Amino acid sequence: MFAGIGIVVLLVMVFGGYTLAGGAMGPILSALPLEMMMIGGAAIGATLIGNSMHELKLLGGGLGKVFKGPKYTDDDHIDAIALTSKLMKVLRSDGAVALESHVTEPENSAIFSEYPRLQKDEVVVNLICDPLTLLVVSSGTLDTHAVEDVIDNAIKTQMHEMDEPSHAIQSLADAFPALGIVAAVLGIIKTMGAIDQPPAILGKMIGGALVGTFLGVLLAYGFAGPMASRLKQVNAHDQQILHSIKQVIVASLHGYPQPLVLEAARSGLPPAHRPKLTDLLDTMRGR
């Protein structure tokens, strides 16, 4: 929502200020379609050159996140901690054999079914089930630090994939001013080819060429740059659920009591989204 509001405010303030200062929108509007075709087309072409289909799909999803916001709600963070804690409790109290059906077939697990949103989330399910499956096949004899290393590597890989779209958008932000200059130079070349025309005509042609520079800078610092920053914020929020899951697994394997396990997971969440420890304890007792 705020991204859409920001775009409206940006356009109103920039072009509103320009018109209030006595500027005419005619030259900009007449040059806009072709200048946008050159700059936007070059940006799209460069993106196609520099990315595979997989990265392009991630880029599309990343642009959606800019407007939709974080994928995970505060309740999802609480549920992820509670879900992982319950699975670790089964491992501690009933052993690896009792845990096996839950982590090898999470779609049929009674514990996972208590959290339907997370049960459908492939990233969360894999991060929980993969290391716990290792514990099952090893009968719980794996060293805790080895399990932690496996989880860290999985989180690192997932974070890298999540951050790829923001890098691509930031690359566009860096490129837009130069692409605007390319469009402007082409306009100047066109103008120089008509140097014998009257000043009034040359002025319009030069003004149209400068629209390219204007658009390149506006797209870079008014749109692409802020979108890349917003996407980084959204990803940082969503990535916290992965760290919470890790903390529950690792703290449980160290044999910490449940309140300390919950606190280890809770304390890693951003203050604005961090649940109270008492709320987590109540959630564990209530389900």
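Below, the structure is looked at part by part. Given the structure is predicted, the values throughout are model-derived calculations rather than measurements.

Conventions we followed
Residues numbered from 1 in each chain as written. Predicted model: local features only at pLDDT ≥ 70, side-chain atom pairs only at ≥ 80, totals over all residues. Heavy atoms only, no water. Salt bridge = Lys/Arg side-chain N within 4 Å of Asp/Glu carboxyl O. Helix = DSSP H or I, 4+ residues; strand = E, 2+ residues; numbered from the N terminus. Buried < 20%, exposed > 50% of the residue type's maximum accessible area, 1.4 Å probe, protein only. Core = buried A, V, L, I, M, F, W, Y, C linked by side-chain atoms within 4.5 Å.

Comments concerning the pattern of salt bridges
Per the counting criterion, the structure on display carries six salt bridges. The partner of arginine 117 in a salt bridge is aspartate 76, with the nearest N and O atoms 2.5 Å apart. With arginine 117 in helix H6 (residues 116–119) and aspartate 76 in helix H4 (residues 74–94), the pair connects residues that are 41 residues apart, well separated along the chain. By relative accessible area, aspartate 76 is classed as buried at 3%. Here glutamate 263 and arginine 266 are joined by a salt bridge, their closest N and O atoms 2.9 Å apart. In this pair, glutamate 263 and arginine 266 both sit in helix H10 (residues 258–266), three residues apart, roughly one turn of the helix. On the basis of relative accessible area, arginine 266 is assigned to the buried category, the value being 16%.

Quick word on the nonpolar core
Ranked by internal contacts, the top residues of the largest apolar core, which has 41 residues, are Leu83, Leu87, Leu99, Ile128 and Leu132. Where this core is concerned, the elements lending two or more residues are H4, helix H5 (96–104), helix H7 (122–137), helix H8 (144–192), helix H9 (199–253), H10 and helix H11 (277–286). Among the elements that line this core, the one with the most residues is H4, at nine residues. Ala173, Ala220, Phe223 and Ala224 belong to the second-largest nonpolar core, a separate cluster that totals 23 residues.

Limitation: the analysis is restricted to geometry and does not speak to function.
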